[in-house]
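Breakdown of the fold
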Amino acid sequence: MGVIRAEPFDFSFDPATLGLVVIDMQRDFVEPGGFGASLGNDVALLQAIIPTVQALIGGFRAAGLPVIHTRECHRPDLSDLPPAKRDRGAPALRIGDEGPMGRILIAGEPGADIVPELAPAPGEPVIDKPGKGAFYGTEFAQVLADRNLRQLVFAGVTTEVCVQTTMREANDRGFDGLLATDATESYFPEFKQAAIRMIIAQGGIVGWAAPTAHVLEAL
Ligand code: TIU
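Bear in mind that the values here come from a model prediction, so they are computed numbers and not experimental data. (Residues numbered from 1 in each chain as written. Predicted model: local features only at pLDDT ≥ 70, side-chain atom pairs only at ≥ 80, totals over all residues.)

A short note on unusual backbone geometry
Following Glu7, the chain continues into Pro8 via a peptide bond in cis, with omega recorded as 5°. With respect to the helices and strands, Pro8 occurs in the loop between β1 (2-4) and β2 (11-13). Backbone torsion omega between Val157 and Thr158 reads -15°, so that peptide bond is classified as cis. Tracing the backbone through its elements, the reader meets Thr158 in the loop between β8 (151-157) and α7 (159-172). (Helix = DSSP H or I, 4+ residues; strand = E, 2+ residues; numbered from the N terminus.)

Here you go:
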């Protein structure tokens with residue numbers, strides 16, 4: 001058994017059931033001209049966590065523990081894109097529109113790729129998801145079950161949208177989840193802090209939180 005120094009209390013884990021889930025570290029969210037920028041966001045904040053996420057991934061790989069990646073993206077024919085998602089708000093570019101990194105948030109386009117620094121290694125699953133949570137409309141639950149994973153460390157973007165949604169979905173399915181607080185980011189710093197507080201409040205109502213250094217020292 002291992003122990004990660006965490007809030008609201010230590011996170012005990014069995015290395016045989018522990019995995020890392022890296023959420024949506026795609027060019028569409030962290031580079032100018034993509035989906036995140038089309039919504040009016042400054043992407044520089046998100047770019048800054050790439051080295052920390054890289055270190056976290058490296059630690060899991062070195063320990064021989066599974067790393068699973070997700071990407072938020074849609075089929076080229078938009079058949080998995082609810083009109084409510086496409087039509088909401090007044091973005092500069094809508095999902096499926098042509099942008100500087102190809103069609104916004106569409107599988108196979110350059111913008112939907114994971115940033116090169118965090119490229120999945122051969123054999124690491126990549127879950128393409130049409131929603132904010134990684135379970136909806138995907139094989140994620142099966143991928144976790146196939147690897148006998150019960151305890152998940154989460155990283156990626158954005159903290160209060162896809163990361164928090166996936167942590168909550170995992171929590172309801174009986175997983176223990178720990179958020180690596182410096183390997184996740186939001187376009188809104190105050191939302192990131194609030195999401196972390198929501199997750200660990202009430203005795204860890206959704207899960208745990210710890211900095212990457214605490215995770216790495218426990219692997
Ligand atoms: N807009 C925003 O903050 N996030 C998303 O749309 N998707 C993810 O969080 N990946």
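A short note on the sheet that holds β8
The sheet built from 6 strands is open, its strands ordered β7-β4-β3-β8-β9-β10 with parallel pairing. Strands with a single pairing partner mark the edges of an open sheet, and in this sheet they are β7 (126-129) and β10 (208-210). Neighbour-to-neighbour, the strand axes of the sheet open up by a mean angle of 25°, direction not taken into account. Pairing geometry for strand β9 (residues 176-185) and β10, over 3 bridges, is parallel. When the sheet's bridge partners are listed, Leu179 is paired in β10 with Ala209. α7 contacts β3 (18-23), β4 (67-72), β8 and β9 of the sheet and is inclined by roughly 170° relative to β9. (Pairing = 2+ DSSP bridges. Axes fitted to C-alpha atoms, helices over the stretch in contact; angles between N-to-C directions. Contact = placed C-beta atoms within 7 Å.)

Observations concerning the site of the ligand
Close to the ligand lie Asp24, Phe29, Leu39, Glu72, Lys132, Val157, Thr158, Val161, Cys162 and Tyr187. Grouping the constituent residues of the shell around the ligand by class yields 6 nonpolar, 1 polar and 3 charged. (Near = placed C-beta within 6 Å. Nonpolar A, V, L, I, M, F, W, Y, C, P; charged D, E, K, R; others polar.)

A word on helix α8 (residues 189-204)
Taking 1.5 Å of rise per residue, 16 residues should cover 22 Å, and α8 covers 21 Å from first to last C-alpha, within 8% of that figure. Maximum bend of α8: about 25°, positioned at Arg197. Taken together, the buried positions of α8 are occupied by Lys192, Ala195, Ile199 and Ile200. Those residues of α8 hidden inside the fold are in contact with α7, β9 and β10. (Expected span 1.5 Å × (residues − 1). Bend = angle between axes of the 7 residues up to and from the residue. Buried ≥ 20, exposed ≤ 12 C-beta atoms within 10 Å, placed from the backbone.)

Describing α7
A rise of 1.5 Å per residue sets the reference length of α7, with its 14 residues, at 20 Å; its end C-alpha atoms lie 18 Å apart and thus fit the reference within 8%. Contact partners of the buried residues in α7: β3, β4, β8, β9 and α8. Of the residues trailing α7, Gly174 is marked for its positive phi of about 95°.

Comments concerning the UniProt feature "domain: Isochorismatase-like" (unreviewed entry) in the protein chain
Under the UniProt annotation, "domain: Isochorismatase-like" (unreviewed entry) lies at residues 20-206. Measuring from the first to the last C-alpha atom of residues 20-206 gives 17 Å, for a span that is 36% helix and 19% strand. (UniProt positions renumbered as here; feature names shortened; annotations may be inferred.)

A word on the nonpolar core
Core analysis: the biggest nonpolar cluster contains 57 residues, and Leu20, Val22, Phe154 and Leu178 have the highest contact counts within it. Those residues in contact with Leu20, other than ones at most four positions away along the chain, are Leu56, Ile57, Phe60, Leu65, Val67, Ile68, Val153 and Ala155. (Core = buried A, V, L, I, M, F, W, Y, C linked by C-beta atoms within 7 Å.)

A few points about the packing of α7 against α8
Running from amino to carboxyl end, α7 crosses α8 at an angle of 15°, the nearest separation of the two axes being 10 Å. One finds that α7 runs roughly parallel with respect to α8. In this structure, α7 meets α8 at a crossing whose hand is right-handed. On α8, the residues that touch Thr159, Glu160, Gln164 and Met167 of α7 are Phe191, Lys192, Ala195 and Ile199. By residue class, the composition of the contact of α7 with α8 is 4 nonpolar, 2 polar and 2 charged. (Parallel < 35°, antiparallel > 145°, perpendicular 65-115°, else oblique. Left-handed = near helix turned anticlockwise from the far one by under 90°.)

Observations regarding the pairing of β9
Walk down a regular strand and you will see the side chains alternate between the two sheet faces. Across the 10 residues of β9, 8 count as buried, placing the element largely inside the fold. Between the parallel pair β9 and β10, the chain is carried across by α8, and the sense of this crossover is right-handed. (Right-handed = clockwise from strand over helix to strand, strands pointing away.)

Comments concerning the confidence of the model for the protein chain
Averaged over every residue, the pLDDT of the protein chain is 98; the share at 70 or more is 100%. Reported confidences for the modelled complex are a pTM of 0.98 and an ipTM of 0.99. (pLDDT = per-residue confidence, 0-100.)

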